[in-house]
Amino acid sequence: MSAINRALAMLARFTAYIPAMPELDPITRAKLKLYVAVNNLHLTPPEVPESLKRYCRPLAFYNVGSPFELSFSGTCLLVRHRGHNLLLCTRHQLVNAKRRPDEVVIIVEKIDGGSVGINPNQVSQVVLDPSMDLSFEHLADIMLAEYISNPQGRDLAPFFLPLDLMAIRDLRSVPSETFMAIFSIAYPTSDTDYDPKMDADGNLSGLDIVSRWNKLYLKCTEPNEWDRKGLVPLVPACDDDPVLSDPDGISGAPVFFIHRPPRGDAALGFAGIISHANKRGRVNMIEATHIRQAVEKHLD
């Protein structure tokens, strides 16, 4: 018997002892075939937050005349709605930081290397209807900043998530039993590191900033006395999920969800943005329906 034939015989004897793979149960088979369409990509559910994080950023401000060029206050979402590049966050992020809307910047890479901060071209802030009960004031905690597509010859469209805010499903329009996951992408202040740079004379010459994102899995819950009127309460999806010891910085964080109807494909939905949070992991969310109204007014 030749060496090749002997090797093939050994392989045949070896493979004879490999047990047959058990058949996958229907649920596992369904999950293996499950994909969610996000920005023209078909992703598995665990890949969705990773894909979306590039459009969720710390809300940044440019500090004129300071060696610390940037400072942050909470989180924001960059979304491209029907050809408009919009930054979405809560208004109190600016109020608490004592900043003006014209100081907001998004950081983009320059064509010739390095980065540049770009200011918005138009800003809208929601105002509560005078006829409404003042206890609903948190529904007006919305700010929108719009950026033209080609400032300084740099195309900004790729930095904004293509998302039709009027057409995408929200929590109200989807049966709760079809929810697969509700999640938020946030940049807590406690997870931001500052690394000062000194020159040869010991003077501050620059500052490197590293902001780390957090993925929060959530579920709907009943309102309690802590919740703000008109906002949607959410809590950690599982009782043993770790919670942020300091929730500062998650204001403005977008809340997305994945849902799958009984007869249909899984899809991404937009639930709203976080307005408030406490140390027990409970958050209050401004619903997408109120954000739609703000966008309509802004574009009117």
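Residues numbered from 1 in each chain as written. Predicted model: local features only at pLDDT ≥ 70, side-chain atom pairs only at ≥ 80, totals over all residues. Heavy atoms only, no water.

Is there a simple way to think about the environment of Asn63 in this case?
You can see Asn63 is positioned in the loop between β3 (56-62) and β4 (70-81). By relative accessible area, which is 13% here, Asn63 ends up buried. Measuring from C-alpha to C-alpha, the distance between Asn63 and Arg99 comes to 9.9 Å, with 36 residues separating the pair along the chain. For Asn63, the contacting residues outside a window of four places in its chain are Phe68, Glu69, Leu70, Ser71 and Arg99. A polar contact of 2.8 Å, which involves the side chain of Asn63, links it to the side chain of Arg99. (Helix = DSSP H or I, 4+ residues; strand = E, 2+ residues; numbered from the N terminus. Buried < 20%, exposed > 50% of the residue type's maximum accessible area, 1.4 Å probe, protein only. Contact = heavy atoms within 4.5 Å. Polar contact = N/O pair within 3.5 Å; in protein donor to acceptor, adjacent residues only side chain to side chain.)

Would you mind going over the sheet that holds strand β16 (residues 254-259) with me for this structure?
Working definition: the strands of a sheet are paired by backbone hydrogen bonds and lie parallel or antiparallel to each other. Pairing is antiparallel around the closed barrel formed by 6 strands, whose spatial order is β11-β14-β15-β18-β17-β16. Averaged over all pairs of adjacent strands, the angle between strand axes in this sheet comes to 45°, irrespective of strand direction. Sheet contacts for helix α5 (residues 288-299): β17 (267-277) and β18 (283-287); angle to β18, the most-contacted strand, approximately 45°. (Pairing = 2+ DSSP bridges. Axes fitted to C-alpha atoms, helices over the stretch in contact; angles between N-to-C directions.)

Please clarify how the pairing of strand β11 (residues 179-186) should be interpreted in this entry.
If a strand is regular, its side chains alternate between the two faces of the sheet. By the criterion of burial, β11 is predominantly enclosed, with 6 of the 8 residues buried. Alignment of β11 against strand β14 (residues 214-220), held across 5 bridges, turns out to be antiparallel. Bridging across to β14, Ile182 finds its partner in Leu218.

Looking at this structure, how should I read the pairing of β4?
Note: β3 against β4, 6 bridges, orientation antiparallel. Paired with Arg57 across the bridge in β4 is Cys76. Relative to strand β5 (residues 84-89), β4 runs antiparallel, the two sharing 5 bridges. Paired with Leu78 across the two strands is Leu87, which belongs to β5. Where β4 folds back onto β5 in an antiparallel hairpin, the turn is made up of 2 residues, including Arg82, whose phi is positive at roughly 50°.

It is not clear to me how the confidence of the model for the chain should be interpreted in this structure. Could you clarify?
Atomic detail in the predicted coordinates should be set aside for any region of low pLDDT. In the predicted model, the chain carries a mean pLDDT of 84, and 85% of its residues have values of at least 70. No element of the chain has a lower mean pLDDT than helix α1 (residues 3-16), which averages 40, and none a higher one than β18, which averages 98. Taken together, the stretch residues 2-21 has pLDDT below 50 and engages in 1 contact with residues farther than four places along the chain or on a different chain. Every residue in residues 24-30 scores below 50 in pLDDT, and together they form 4 contacts with partners more than four places removed in sequence or on other chains. (pLDDT = per-residue confidence, 0-100.)

Please clarify how α5 should be interpreted in this entry.
Side chains that are three or four residues apart share a direction in an α-helix, a result of its 3.6 residues per turn. For α5, which comprises 12 residues, the first-to-last C-alpha distance of 16 Å matches the rise-based estimate of 16 Å (1.5 Å per residue) to within 8%. Turning to α5, its buried residues are Ala288, His290, Ile291, Arg292, Ala294, Val295 and His298. In this structure, the buried side of α5 is in contact with β4, β5, β8 (122-125), β9 (143-147), β17 and β18. (Expected span 1.5 Å × (residues − 1).)

How should I be thinking about the packing of aromatic side chains in this particular structure?
The relative placement of two aromatic rings is captured by the distance of their centres and the angle of their planes. Tallied over the full model, the rule gives 5 aromatic pairs. Taken together through their ring pairs, the aromatic side chains of Phe183, Tyr217, Phe256 and Phe270 make up a single cluster. Its guanidinium or amino end placed over the ring of Trp226, Arg228 lies 4.8 Å from that ring's centre, counting from NZ or CZ. (Phe/Tyr/Trp six-rings, centres within 6.5 Å; stacked < 30°, edge-to-face > 60°. Lys NZ or Arg CZ within 6 Å of the ring centre and 35° of its normal.)

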